[in-house]
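Secondary and tertiary structure notes
Spelled out from the first residue to the last, the chains are:
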Amino acid sequence: MRSETLGESSHSEDTKRGQVILVAYLIATLELTCLFMQLGVLPYLAKSLGLDSVGFGYLQTTFGVLQLVGGPIFGRFADQFGTRAALILSCASGSAFFLLLSISTSIPLLFLSRLPSVFMHGLPGAQKVITDLTTPSQRADALGKLGLCFGIGVIIGSTLGGVLSTRLGADGLRVSSFLPLTCINRVLINMSSSVGTSQSGSMFSIREILRLMKFPGVMEIFIVKVFSGLPLGLFLIMFSVISMDFFGLEAVEAGYLMSYFGVLQMVVQGLVIGRLTKYCTERTLLRLCVFVFAGVGLGMALMRTVWHYCIVAVPLIFAFSMLGTITDSILTKAVPSSDTGTMLGICASVQPLTRTVGPTIGGVLYKQFGVSSFGYLQLIVNIGLFVYLLKNKVPLRETKN
């Protein structure tokens, strides 16, 4: 009788954890959808306010810097006050972000609308939920499925952004500004058991954040995470220019290409990564994605048409998705459970860092050496990292402290 009661209790707990994880997926999907909505509308809004291409670059750099600074701070906040409070902060910041964007009638207001983005980190918040509620052996698969959220956000957000901007104008932005608010009640109801860890130290302490880099294997894996995908990140930042000048695509055709990438990412992260984690160790998968990245670099260096790029995109999306999922899984296992939020916040700062330095470096590479320079850089960097991973046995921890 007692064993039956324990079994029912365990089943109930598993069901509750599954429901909470589903809510986290929902929040990430809605925030990413809204984000890609504004990405589709923002260039036209900026142009209508008289912002030139240089000023628009400054606007994007401002967004990148705020996300870069806010990632680790958001992670510390989640560790100290709990995931529920962190996700509420992210949803509220997202609502303020879109609301300010919808009432931006001048360039200063447009720049001011970027400020709430410092705490807009729904994806790291969802990763924190998954990290807390899954076992180490399940983590990579569960984190990989967040790619489905990203793919849905790309496809639906880009489409809705175009429709809303065409038919409703600024009112379309007002519609999108209230979508993050719908998440808050769900978070309050379904995540009421999430609590903080009452850590000591300031939320803004750089020393506490950098302390995590001293754990075995963390610095090595983080270096691989940053540099393996950096050349690709530079290419993607310049992609809007490359798609027009090198591939000769119209805006509609570029949109179709983005949708193709979104579908690929959904397939890879939803169906492929989870299965591979059951048969291969994380060390093997990390080496595999770095090796594939090197091959992608060679393909990018040799491509001449958009059809070549569509072929290269298949291993590209595989390596890109695998690298993010596996490194996040490894890094959260390498630190104590009370610091996983901060670690995920640091990981979330990698892409904003690329967006911050990328326009300058990518612009120089493209202007001086052409599109092939991104591919050759990708090839050289990842061959070096692959040799490093083969020769140096980076300590990977399979379980949390």
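Check the entry above for the structure.
Below or above, wherever it landed, is the structure these notes cover. Every value quoted in this text rests on a predicted model; they were computed, and no experiment measured them.

Details of the overall build of the chain
The helix and strand inventory of the chain stands at 19 helices and 0 strands. Evaluated residue by residue, the chain yields a buried proportion of 50% over its 401 residues. The long-range fraction of contacts in the chain, counting pairs at least 24 apart against all pairs at least 6 apart in sequence, stands at 86%. When the accessible surface of the chain is summed, it comes to about 18,400 Å², and 68% of that surface belongs to carbon and sulfur atoms.

Side note on the nonpolar core
Phe 235, Leu 286, Met 300, Tyr 309, Met 343 and Phe 374 are the most contacted members of the largest nonpolar core, which has 58 residues in total. Tallying contributions element by element places helix H16 (residues 306–334) first for this core, with 15 residues. Ignoring sequence-local partners within four residues, the contact set of Phe 374 consists of Pro 231, Leu 234, Phe 235, Met 238, Ile 242, Met 300, Gly 362, Leu 365 and Tyr 366. One finds Val 20, Ile 27, Val 129 and Ala 142 within the second-largest nonpolar core, a separate group that totals 17 residues.

Quick notes on the packing of helix H15 (residues 282–302) against helix H19 (residues 372–391)
Axis separation between H15 and H19 bottoms out at 7 Å; the angle between their running directions is 155°. The pairing of H15 with H19 is recorded here as roughly antiparallel in orientation. Read as a crossing pair, H15 and H19 show a hand that is left-handed. Contacts between H15 and H19 involve Leu 286, Arg 287, Val 290, Phe 291, Phe 293, Ala 294, Gly 297, Leu 298, Met 300 and Ala 301 from the first element and Ser 372, Phe 374, Gly 375, Tyr 376, Gln 378, Leu 379, Asn 382, Ile 383, Leu 385, Phe 386, Leu 389 and Leu 390 from the second. Tallied by class, the residues present in the contact of H15 with H19 amount to 16 nonpolar, 5 polar and 1 charged.

Some remarks on the packing of aromatic side chains
A complete count under the given rule lists 9 aromatic pairs for this structure. Ring geometry for Phe 246 against Phe 247: centres 5.1 Å apart, planes inclined by 70°, an arrangement best described as edge-to-face. Ring-pair connections join several aromatic residues into one group, and the members of that group are Phe 235, Phe 246, Phe 247, Tyr 260, Phe 261, Tyr 309 and Phe 374.

Some details on H16
In this model H16 runs 41 Å from its N-terminal to its C-terminal C-alpha over 29 residues, within 8% of the 42 Å that 1.5 Å per residue would give. The sharpest bend along H16 reaches about 35° and sits at Ala 313, with the proline Pro 315 one to four residues further on. With 22 of its 29 residues buried, H16 lies for the most part within the structure.

Description of the pattern of salt bridges
The full count for this structure, using the stated rule, is 4 salt bridges. A salt bridge links Asp 79 to Lys 128, with the shortest nitrogen-to-oxygen separation between them at 3.1 Å. Taken together, the positions of Asp 79 in helix H2 (residues 53–81) and Lys 128 in helix H5 (residues 122–133) put the pair 49 residues apart, joining distant regions of the chain. The pair formed by Asp 79 and Lys 128 is uniform in burial state, with each residue classed as buried. The salt bridge partner of Lys 225 is Asp 328, with a shortest N-O separation of 3.0 Å. On the criterion of sequence distance, the pair formed by Lys 225 in helix H11 (residues 218–228) and Asp 328 in helix H16 is long-range, its members being 103 residues apart. Among the ionic contacts, a cluster of salt bridges with common partners joins Asp 79, Lys 128 and Asp 132.

Some points on the environment of Ser 117
Tracing the backbone shows Ser 117 in the loop between helix H4 (107–112) and H5. Sequence-distant contacts of Ser 117, defined by excluding residues within four places in its chain, comprise Phe 63, Leu 66, Gln 67 and Phe 97.

Definitions and cut-offs
- Residues numbered from 1 in each chain as written.
- Predicted model: local features only at pLDDT ≥ 70, side-chain atom pairs only at ≥ 80, totals over all residues.
- Heavy atoms only, no water.
- Helix = DSSP H or I, 4+ residues; strand = E, 2+ residues; numbered from the N terminus.
- Buried < 20%, exposed > 50% of the residue type's maximum accessible area, 1.4 Å probe, protein only.
- Contact = heavy atoms within 4.5 Å.
- Areas by Shrake-Rupley, 256 points an atom, 1.4 Å probe, with all protein chains shown as cover.
- Core = buried A, V, L, I, M, F, W, Y, C linked by side-chain atoms within 4.5 Å.
- Axes fitted to C-alpha atoms, helices over the stretch in contact; angles between N-to-C directions.
- Parallel < 35°, antiparallel > 145°, perpendicular 65-115°, else oblique.
- Left-handed = near helix turned anticlockwise from the far one by under 90°.
- Nonpolar A, V, L, I, M, F, W, Y, C, P; charged D, E, K, R; others polar.
- Phe/Tyr/Trp six-rings, centres within 6.5 Å; stacked < 30°, edge-to-face > 60°.
- Expected span 1.5 Å × (residues − 1).
- Bend = angle between axes of the 7 residues up to and from the residue.
- Salt bridge = Lys/Arg side-chain N within 4 Å of Asp/Glu carboxyl O.

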